[in-house]
Amino acid sequence: MSATLIRENVAAAKPPRKTGSLLVVPSVVVLLLWMIVPLVMTLWFSFQYYNLVNPEVSGFAGRDNYEFLVTDPDFWVSLRNTMTLLISVLVITVGLGTLLAVLFDQPFPGQKIARVLAISPFFVMPTVSALIWKNLLMHPIYGVLGAVALAFGLQPVDWFASYPLAAVIAIVSWEWLPFALLILLTAVQSLDHEQREAARMDGAGVVAQFFFITLPHLSRAISVVVMIETIFLLTVFAEIFVTTSGGPGNATTNLAFLIYARALLQYDVGGASAGGVVAIILANIVAYFLVRSIARRLEV
Amino acid sequence: MRETVFQRVFAFVVGWGVAILLFFPIAWMVLTSFKSEVDAITPRLTFTPTLSSYAEVLSRADYLSFALNSVVVSVGGTVLALLFAIPAAYSMAFHPTQRTRGTLLWMLSTKMLPPVGVLVPIYILARDSALLDTRTVLVIMYALANLPIVVWMLFTFYKEVPKDILEAGRMDGARTVSEVWYLLLPLTLPGVASTGLLSLILCWNEAFWSLNLTTSSAAPLTAFIASFSSPQGLFFAKLSAASTMAVAPILVFGWFSQRQLVRGLTFGAVK
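A brief report on the enclosed structure follows. (Residues numbered from 1 in each chain as written. Chains lettered and ligands numbered in written order. Predicted model: local features only at pLDDT ≥ 70, side-chain atom pairs only at ≥ 80, totals over all residues. Heavy atoms only, no water.)

## Topic: the overall build of chain A
1) Next: Scanning chain A from terminus to terminus reveals 15 helices and zero strands.
2) Next: Taken against the 2.2 N^0.38 rule, which gives 19 Å for 300 residues, the C-alpha radius of gyration of chain A at 25 Å runs more than 25% over that of a compact globule.
3) Next: Across the 300 residues of chain A, 53% fall into the buried class.
4) Next: Taken as a whole, chain A presents about 13,800 Å² of accessible surface, with 69% of it coming from carbon and sulfur.
5) Next: Looking at charge distribution, chain A has the averaged site of its 16 positive side-chain charges lying 11 Å from that of its 17 negative ones. (Helix = DSSP H or I, 4+ residues; strand = E, 2+ residues; numbered from the N terminus. Rg over C-alpha atoms; globule rule 2.2 N^0.38 Å. Buried < 20%, exposed > 50% of the residue type's maximum accessible area, 1.4 Å probe, protein only. Areas by Shrake-Rupley, 256 points an atom, 1.4 Å probe, with all protein chains shown as cover. Lys, Arg positive; Asp, Glu negative; His and termini not counted. Charge placed at Lys NZ, Arg CZ, Asp CG, Glu CD.)

What follows is the structure, encoded as structure tokens:
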């Protein structure tokens with residue numbers, strides 16, 4: 001009691017420590033600039049005629065860039081590809097990730113090593129993942145998958161020619177499944193084992209335990225995984241850049257690749273910026289829910 | 001807790017099966033890197049191991065410059081982010097105001113800005129300030145892109161430090177700078193280290209800005225590997241050797257820090 005009193009007195013005697021609370025300012029300033037400047041520029045460019053190599057294209061464009069964008073069939077294809085990629089990868093990684101998290105929560109010999117192997121793909125840089133899959137695994141003549149197919153008496157599949165989007169989905173899922181597994185495993189391990197033991201004693205089977213105890217416990221972690229993955233999956237780029245360049249045709253062009261192609265291959269800054277605004281709006285819808293869900297947990 | 005024998009065997013078989021399947025592409029890459037180009041295009045397990053692909057990749061003088069670029073931009077971006085983040089996280093953890101909560105959530109929301117949405121202005125700003133294809137631009141981009149994650153992760157570590165310890169130092173008359181430097185940093189060194197490690201991993205593997213803002217002289221390994229997407233990618237053994245060297249260091253870092261990564265990657269929402 002007296003100790004607290006003394007401390008309070010000392011604290012009161014000192015002037016308020018302004019420096020302490022001001023140390024956050026540099027970070028806030030750079031992040032504010034980092035957010036506002038490019039955002040305003042993107043918005044501004046999206047209403048301009050602006051070509052990177054042709055200075056004669058200039059002036060206020062009004063809604064032209066947006067009108068051109070929404071009347072361009074490529075744009076709608078890219079939106080559909082973006083959503084197909086997003087939803088497929090989410091279903092695969094969260095579905096399998098949840099099952100694997102429960103599996104790796106069980107004790108078995110060598111469990112630690114197996115877990116390390118399973119999460120490794122997350123640490124491989126995207127350009128390496130994509131090229132290893134494309135050349136060493138999925139190549140119809142030289143790849144492992146082709147050899148496996150032949151061994152089973154099947155015809156090897158030329159994945160990037162016949163099912164290009166599925167091939168990209170497979171690669172991206174391989175990269176993100178370990179992420180889902182890592183996060184969900186951490187969440188599973190915080191589950192109260194006594195609770196599950198009690199359920200087991202009451203005669204609940206493995207399946208019932210999973211659906212009535214584990215899954216509800218994981219719901220929060222699952223929603224965090226879904227939202228974080230969504231942020232990244234909306235703008236998958238490197239994997240497409242090094243494997244298909246958006247093709248064949250526009251079969252694997254997503255919104256990110258479309259914007260890149262508009263800006264740095266066709267030099268159409270205005271059109272690319274209009275696409276950028278769409279990407280920002282899409283991401284913000286997700287971000288809103290993510291920030292809200294994290295805010296609920298935040299104690300300051 | 002007792003498991004039935006069946007459950008244990010099932011967990012063992014499926015667990016290892018899944019682990020091996022997921023790791024297979026990496027293992028195959030390492031294996032192929034020790035093959036000759038002729039052996040590399042036949043998917044077989046028997047071959048005469050050779051280091052010739054490594055020798056050839058390394059003898060291309062530019063490999064080392066790509067690797068050096070990766071090291072410089074990853075370390076540079078991480079150090080710069082930490083320089084801004086340590087004071088910020090300290091301030092919010094130990095001197096919270098009514099605005100702290102809002103500031104933290106706002107920082108998080110800047111991470112939601114999709115890079116591709118601001119590709120055009122960043123590219124033009126970099127071009128106009130003659131920063132295209134320089135390490136400087138990547139260091140700045142990586143520091144800014146990771147700053148919210150770094151601040152958040154440090155914040156969660158700092159929150160665990162008992163306030164009394166810092167207050168004791170304060171009563172001894174420690175100034176803010178020495179309070180952070182002599183008290184907080186030594187106390188939270190493991191936390192700062194794992195935050196830096198996460199940032200290093202993210203910078204090392206970043207492949208949007210590196211592909212779009214660099215061409216040759218500042219290009220890191222992500223961009224070097226991307227150059228194999230041209231027909232020269234058909235040199236499977238060289239692709240594998242270059243990839244193995246690019247991936248190995250960060251893979252080892254990742255293995256050692258898996259637990260801490262969860263905290264950083266989920267903004268403290270899952271611990």
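## Considering the layout of surface pockets
All names here are of chain B.
1) Next: Empty space within the second largest pocket amounts to approximately 390 Å³.
2) Next: The leading source of residues in the lining of the second largest pocket is helix α1 (residues 5-33), at five residues.
3) Next: Residues of the lining of the second largest pocket, tallied by class, amount to 14 nonpolar, one polar and no charged. (1 Å grid on protein atoms, 1.4 Å probe; cavity = no way out; pocket = protein on both sides within 12 Å on 5 of 7 lines; lining within 4 Å. Points joined across faces, edges and corners; volume = space filled by probe spheres on them. Nonpolar A, V, L, I, M, F, W, Y, C, P; charged D, E, K, R; others polar.)

## With respect to the environment of B:Val262
1) Next: Following the sequence through the fold, B:Val262 ends up in helix α14 (residues 258-265).
2) Next: Take B:Val262: its relative accessible area is 1%, and that puts it in the buried class.
3) Next: Aside from chain neighbours lying at most four places away, what touches B:Val262 is A:Leu182, A:Ile183, A:Thr186 and B:Val270. (Contact = heavy atoms within 4.5 Å.)

## A few points about the interface of chain B and chain A
1) Next: With 111 residues of chain B at the contact, the number on the chain A side is 104 residues.
2) Next: Interface of chain B and chain A: buried area, both sides summed, is about 9,400 Å²; carbon and sulfur atoms make up 78% of it.
3) Next: Scanning the region where chain B abuts chain A turns up seven residue pairs in polar contact (both at pLDDT 80 or more).
4) Next: Residues of the side of chain B that touches chain A, tallied by class, amount to 74 nonpolar, 23 polar and 14 charged. (Buried area = accessible area lost by both parts, 1.4 Å probe. Polar contact = N/O pair within 3.5 Å; in protein donor to acceptor, adjacent residues only side chain to side chain.)

## Here's the deal with empty space enclosed by the protein
1) Next: In this structure the tally under the stated criterion is four cavities of 30 Å³ or more.
2) Next: Roughly 1,000 Å³ of internal volume is contained in the largest cavity.
3) Next: Looking at the largest cavity, it is lined by 41 residues, and the ones nearest its centre are A:Trp176, A:Phe232, B:Lys111, B:Leu202 and B:Glu206.
4) Next: At the level of elements, α10 (164-189), α12 (206-233) and α13 (238-243) of chain A together with α7 (135-158) and α10 (189-205) of chain B are the ones that each hand at least two residues to the lining of the largest cavity.
5) Next: Among the elements that make up the lining of the largest cavity, the one with the highest residue count is α7(B) (six residues).

## Remarks on a nonpolar patch on the surface
1) Next: There is a patch of nonpolar side chains on the surface, built from A:Leu22, A:Val25, A:Val29, A:Leu32, A:Leu33, A:Ile36, A:Val37, A:Val40 and B:Leu125 and spanning about 710 Å² of accessible area.
2) Next: In terms of residues, the nonpolar patch owes the most to one element, helix α3 (residues 25-46) of chain A, which gives seven residues.
3) Next: Within the fold, A:Val40 resides in helix α3.
4) Next: Residue class for A:Val40 comes out partly exposed when judged on its relative accessible area of 49%. (Patch = residues over 30% accessible without salt bridge, like charges linked within 9 Å, V, L, I, M, F, W, Y side chains within 5 Å. Salt bridge = Lys/Arg side-chain N within 4 Å of Asp/Glu carboxyl O.)

## Digging into unusual backbone geometry
Residues and elements named next belong to chain A.
1) Next: Positive phi, normally seen in glycine, also occurs at Ser-245, with a value near 50 degrees.
2) Next: Here Ser-245 shows up in the loop between α13 and α14 (255-265).
3) Next: A positive phi angle, near 60 degrees, is found at Tyr-267, a position not held by glycine.
4) Next: Mapped onto the elements of the fold, Tyr-267 is located in the loop between α14 and α15 (269-297).

## Side note on the nonpolar core
1) Next: Residues A:Phe104, B:Leu154, B:Tyr158, B:Trp209, B:Leu221 and B:Ile225 are the most contacted members of the largest nonpolar core, which totals 185 residues.
2) Next: For this core, the leading source of residues is α10(A), giving 18 residues.
3) Next: Those residues in contact with B:Tyr158, other than ones at most four positions away along the chain, are B:Ile86, B:Ala89, B:Tyr90, B:Ala93, B:Phe94, B:Leu184, B:Leu185, B:Thr188 and B:Val192. (Core = buried A, V, L, I, M, F, W, Y, C linked by side-chain atoms within 4.5 Å.)

## Points about the environment of B:Val57
1) Next: By secondary structure assignment, the location of B:Val57 is in helix α3 (residues 52-59).
2) Next: Spatially, the C-alpha atom of B:Val57 lies 6.4 Å from that of B:Ala242, the residues being 185 residues apart in sequence.

## Things to note about the packing of aromatic side chains
1) Next: Counted under the stated rule, the structure contains 30 aromatic pairs over all chains.
2) Next: Ring centres of A:Phe210 and A:Phe211 lie 5.2 Å apart, and the angle between their planes is 80 degrees; on these two criteria the pair is classed as edge-to-face.
3) Next: On the basis of relative accessibility, which here comes to 17%, the residue A:Phe210 falls in the buried class.
4) Next: Judged by its relative accessible area of 47%, A:Phe211 falls in the partly exposed class.
5) Next: Between A:Phe237 and A:Tyr260 the ring centres are 5.0 Å apart and the planes differ by 70 degrees, which places this aromatic pair in the edge-to-face class. Of this pair, A:Phe237 sits in the loop between α12 and α13 while A:Tyr260 sits in helix α14, and the two are 23 residues apart along the sequence. Both residues of the pair, A:Phe237 and A:Tyr260, belong to the buried class.
6) Next: One aromatic cluster is present, built from ring pairs that chain together A:Phe237, A:Phe241, A:Phe257, A:Tyr260, B:Phe208 and B:Trp209.
7) Next: One residue, A:Lys134, lies across the ring of A:Phe160, its end atom 5.9 Å from the ring centre. (Phe/Tyr/Trp six-rings, centres within 6.5 Å; stacked < 30°, edge-to-face > 60°. Lys NZ or Arg CZ within 6 Å of the ring centre and 35° of its normal.)

## Focus on α14(B)
All names here are of chain B.
1) Next: Most of α14 sits inside the fold, with six of its eight residues counted as buried.
2) Next: If you check which residues of α14 are buried, you get Gln-258, Leu-261, Val-262, Arg-263, Gly-264 and Leu-265.
3) Next: One or two steps after α14, the chain reaches Phe-267, where phi turns positive at roughly 55 degrees.

## Some words on helix α6 (residues 111-119) of chain A
1) Next: Burial analysis of α6(A) places seven of its nine residues in the buried class, which makes it a mostly covered element.
2) Next: On its buried face, α6(A) is in contact with α5 (73-105) and α10 of chain A together with α1, α13 (236-256) and α14 of chain B.

## Observations concerning the packing of α5(A) against α10(A)
The relative placement of two packed helices comes down to the angle between their axes together with the axis-to-axis distance.
Residue and element names in this part refer to chain A.
1) Next: Two elements in contact, α5 and α10, have axes whose closest approach is 6 Å; the angle formed by their N-to-C orientations is 40 degrees. Judged by the angle between their axes, α5 and α10 are oblique. Like other packed secondary-structure pairs, α5 and α10 cross with a definite hand, here right-handed. (Axes fitted to C-alpha atoms, helices over the stretch in contact; angles between N-to-C directions. Parallel < 35°, antiparallel > 145°, perpendicular 65-115°, else oblique. Left-handed = near helix turned anticlockwise from the far one by under 90°.)

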